[in-house]
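Summary of the model geometry
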Amino acid sequence: MADISSESSAIAKRAGIKDWLFNPFVFVAGSISLLLGLVAILLAGYIGSLSNTHFDGVLDMHSGAPALLGKFLAEGIINWLSLAIVLYIVGRIISKSSFRAVDLFGTQALARWPTVILAVGIMAPPCQRLVKALMPMASNPGASIQAATMDIILSSMVALVMLLALVLMVALMYRSFSLCSNIKGGKAAAAFIIGLVIAEIVSKIAIANVLPAPPIDISKPAQQFVSQLAKGDFSNATKSFDATMTQAMPADKLAEAWKSLTTQMGAFQKQLGARSAVEQGFIVAHVKCQFDKGAIDVKVVFNNSQQISGLWFTPSQ
Amino acid sequence: MKSMPMHCPSCGHNLLVKRLTCQQCNTEVEGLYEFPILALLGRDDQEFVLQFMKASGSLKEMSKLLKLSYPTVRNRLDEIIENIKRIQEQQEEANG
């Protein structure tokens, strides 16, 4: 009699890229898939934050609204949990087989790995240019769009790849559910579609309520930064810079800029207030400062990780 | 040794054992004997059950041995359980 372990090991060894791509859960499930899946979800969230791309629903993806990094990461977790919890309940009701929660939750997490492709895809320069060109339409549907034809063509090609990634993700979600709950055929498909629709609604409600949209108040860190400038504590002030700003404006250059401002405007007296807003896709704080010769707005631009990525001194408005 | 036919090639029903022989003294016993249920399982199913016993009935251990995920192995076991139930029902029907 042939040894089944050697026989199946041979099958496992024969498994090619196609099997791992379209049917990975035959080989991996449980805590390993959970760990890999969570890494993929957080990675997609992080990459998404670089282009302000939100996964704001189980199957949703929208670009444009800036937010703090935590929101991008939390959205991915909420999407995963929404579908996994709903499918777990559906599976428990329908399946005749007893199954482990860790297998369903783990494989559902790993099924979301194509969101990394989506997050990378939207970062492609033609897509970014197109998103910027389309942004005026968000506030004014009648606004004219000025986008290069080549950008539209290249973006369409990237969009096709992203669409395939989305289809793969849904297929993996279904395979995870079918395998882990041991439900097959039309019954599995119907249960999955119902579960997916419910989870989509649940995730949208959860993201809207648990993670409210901006306004993001970054007045305090901006005011703290200006206080450091006023005290001449430039080395600590530059600690809140992002990598580009750190390189472009080290402590001595910042001191130089501040000195040049005080030479022109007189000595710093006090802060008159601060406001923050989202301007052209950036999180911006304006700190109004009184100098001997007049008032100046210190405009501080933040990235999604609340690091300073831009600094301007403008006449107060 | 040749594998034993379990089903009738003509009608597909389960076969019964009619004659048993002692290789030592050539004594022959005749009657109508049923195969044990496990012997009526397919070859792959029998191999799985054998390996499952060797793994002390641990699906986790089976998963490692076969390099397949836990739910894949558990579903395979569920499939064999269904096959056993089906065979039992067939035997009960045949015995009236």
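I will try to describe carefully the structure that is included in this document. If you're wondering where the values come from, they're calculated on a predicted model, not measured in any experiment.

**Description of the overall build of chain B**
- Scanning chain B from N- to C-terminus turns up 4 helices and 2 strands.
- The C-alpha atoms of chain B give a radius of gyration of 17 Å, which is well past the 12 Å a tight globule of 96 residues would have.
- In terms of overall dimensions, chain B has C-alpha extents of about 45 × 35 × 20 Å along its principal axes.
- Counting all 96 residues of chain B, 16% fall into the buried class.
- Expressed as a percentage of contacts within chain B between residues at least 6 apart in sequence, the contacts between residues at least 24 apart total 31%.

**Section: the packing of helix α6 (residues 114-122) of chain A against helix α8 (residues 149-181) of chain A**
Residues and elements named next belong to chain A.
- Between α6 and α8, the shortest axis-to-axis distance is 8 Å and the interhelical angle comes to 165 degrees. One finds that α6 runs roughly antiparallel with respect to α8. α8 is crossed by α6, and the crossing has left-handed handedness. For the pair α6 and α8, the contacting residues are Pro114, Thr115, Ile117, Leu118 and Gly121 in the first and Val158, Val161, Met162, Ala165, Leu166, Leu168 and Met169 in the second.
- Here the contact of α6 with α8 is built from residues that sort into 10 nonpolar, 2 polar and no charged.

**Details of helix α3 (residues 59-66) of chain B**
Residue and element names in this part refer to chain B.
- Residues of α3 that are buried include every one of Met62, Ser63, Leu65 and Leu66, and no others. Buried residues of α3, viewed axially, fall in a sector of 165 degrees; they line one side.
- Lys67 sits one or two residues past α3 and shows a positive phi near 55 degrees.

Cut-offs and rules
- Along each chain, numbering runs from 1 in the same order as the chain's sequence is written.
- Chains and ligands are labelled by the order in which they are written, letters from A for the one and numbers from 1 for the other.
- Per-residue local features of the predicted model are confined to residues with pLDDT of at least 70, and side-chain atom pairs are confined, for both listing and counting, to 80 or more; whole-chain, interface and lining totals are unaffected and use all residues.
- Helix numbering and strand numbering both begin at the N terminus, where a helix is a DSSP run of H or I of at least 4 residues and a strand a DSSP run of E of at least 2.
- In this setup the radius of gyration rests on C-alpha atoms only. A globule is expected at 2.2 Å times the number of residues raised to 0.38.
- Exposure is read from a count of other C-beta atoms within 10 Å of each residue's own; the residue is exposed at 12 or fewer, buried at 20 or more and partly exposed in between. C-beta atoms are placed from the backbone.
- Once C-beta atoms are placed from the backbone, any two residues with those atoms within 7 Å are in contact.
- Lines fitted to the C-alpha atoms define the axes, with helices restricted to the stretch that makes contact. Angles between their N-to-C directions range from 0 to 180 degrees.
- Oblique is the label for any angle not covered by the other classes, which are roughly parallel (under 35 degrees), roughly antiparallel (over 145) and roughly perpendicular (65 to 115).
- Working rule for handedness: look at the near helix, and if it is turned counterclockwise from the far one by less than a right angle, call the crossing left-handed; if clockwise, right-handed.
- When residues are grouped by polarity, Ala, Val, Leu, Ile, Met, Phe, Trp, Tyr, Cys and Pro land in nonpolar, Asp, Glu, Lys and Arg in charged, and all others, Gly among them, in polar.
- Note that the arc is defined by the directions from the helix axis to the C-beta atoms.

These values are about where atoms sit, not about what they do.
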